[in-house]
Amino acid sequence: MAALDNTLPLLLISADMNSYVVLVAVMASLVHAAPSWNGPLASPVVLPSGYLADTPEVASLRAAHLAALAAAPGGNPLYAPLYDSPADVPFPKWNGPLASPVVLPSGYLADTPEVVALRAAHAAALAHSYH
């Protein structure tokens, strides 16, 4: 009977507490079950233009694609407006400021000051909505 007396308080836990315990257990199992990236870390190269350079795989596939387009008789009609237009037709050009991306040691691009400000405003709005 003494063993039963030791377990009795566990049976008297409220239903809310039981729900909380189940929720924590489920969330903990999801965190440990989440897939993680085990491949190589990115090593982005930023060109002087502000664009990220193609990886060697992308560069070779792009070259093969453009060679196939050049070899196709009459070209591809989907690309005709881009590649076969007269030289005097102006294409839209970006006239805004050039990007100055900052690559973090983790390989991710750092947020711009505008994004940082918007994230802070969003977090503040979320915090305010819960009060």
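Residues numbered from 1 in each chain as written. Predicted model: local features only at pLDDT ≥ 70, side-chain atom pairs only at ≥ 80, totals over all residues. Heavy atoms only, no water.

1. Section: the overall build of the protein chain
Scanning the protein chain from terminus to terminus reveals five helices and zero strands. The helix and strand sequence of the protein chain, counted from the amino end, reads α-α-α-α-α. For the protein chain, buried positions account for 2% of its 131 residues. By element, 71% of the accessible surface of the protein chain is carried by carbon and sulfur atoms, the whole surface being about 11700 Å². (Helix = DSSP H or I, 4+ residues; strand = E, 2+ residues; numbered from the N terminus. Buried < 20%, exposed > 50% of the residue type's maximum accessible area, 1.4 Å probe, protein only. Areas by Shrake-Rupley, 256 points an atom, 1.4 Å probe, with all protein chains shown as cover.)

2. So, a nonpolar patch on the surface
There is a patch of nonpolar side chains on the surface, built from Val 46, Leu 52, Val 103 and Leu 109 and spanning about 280 Å² of accessible area. Here Leu 109 lies in the loop between helix 4 (80-83) and helix 5 (113-129). (Patch = residues over 30% accessible without salt bridge, like charges linked within 9 Å, V, L, I, M, F, W, Y side chains within 5 Å. Salt bridge = Lys/Arg side-chain N within 4 Å of Asp/Glu carboxyl O.)

3. Here we look at the pattern of salt bridges
A complete count under the given rule lists two salt bridges for this structure. We note a salt bridge from Asp 54 to Arg 62, for which the minimum N-O separation is 3.0 Å. Classification of Asp 54 as partly exposed rests on a relative accessible area of 39%. Arg 62 sits in the partly exposed class, given a relative accessible area of 45%. The salt bridge involving Arg 119 is made with Asp 111; its shortest N-O contact spans 3.0 Å.

4. As for the environment of Thr 55
Secondary-structure assignment places Thr 55 in the loop between helix 2 (15-33) and helix 3 (56-71). Thr 55 sits 12 residues away from Ser 43 along the chain, and the two C-alpha atoms are 9.4 Å apart.

5. Overview of the layout of surface pockets
Counted as a void, the largest pocket has a volume near 160 Å³. For the largest pocket, the full set of lining residues is Ala 99, Ser 100, Pro 101, Val 102, Leu 109, Ala 110, Asp 111, Thr 112 and Pro 113. Within the lining of the largest pocket, the residues separate by chemical class into six nonpolar, two polar and one charged. (1 Å grid on protein atoms, 1.4 Å probe; cavity = no way out; pocket = protein on both sides within 12 Å on 5 of 7 lines; lining within 4 Å. Points joined across faces, edges and corners; volume = space filled by probe spheres on them. Nonpolar A, V, L, I, M, F, W, Y, C, P; charged D, E, K, R; others polar.)

6. Quick look at the environment of Pro 101
Its location among the elements puts Pro 101 in the loop between helix 4 and helix 5. Taking the C-alpha atoms as reference points, Pro 101 and Gly 50, separated by 51 residues in sequence, lie 6.7 Å from one another.

7. Some words on the confidence of the model for the protein chain
Overall, the prediction assigns the protein chain a mean pLDDT of 74, with 65% of residues at 70 or greater. Highest mean pLDDT in the protein chain belongs to helix 5 (93); lowest belongs to helix 1 (residues 2-11) (50). (pLDDT = per-residue confidence, 0-100.)

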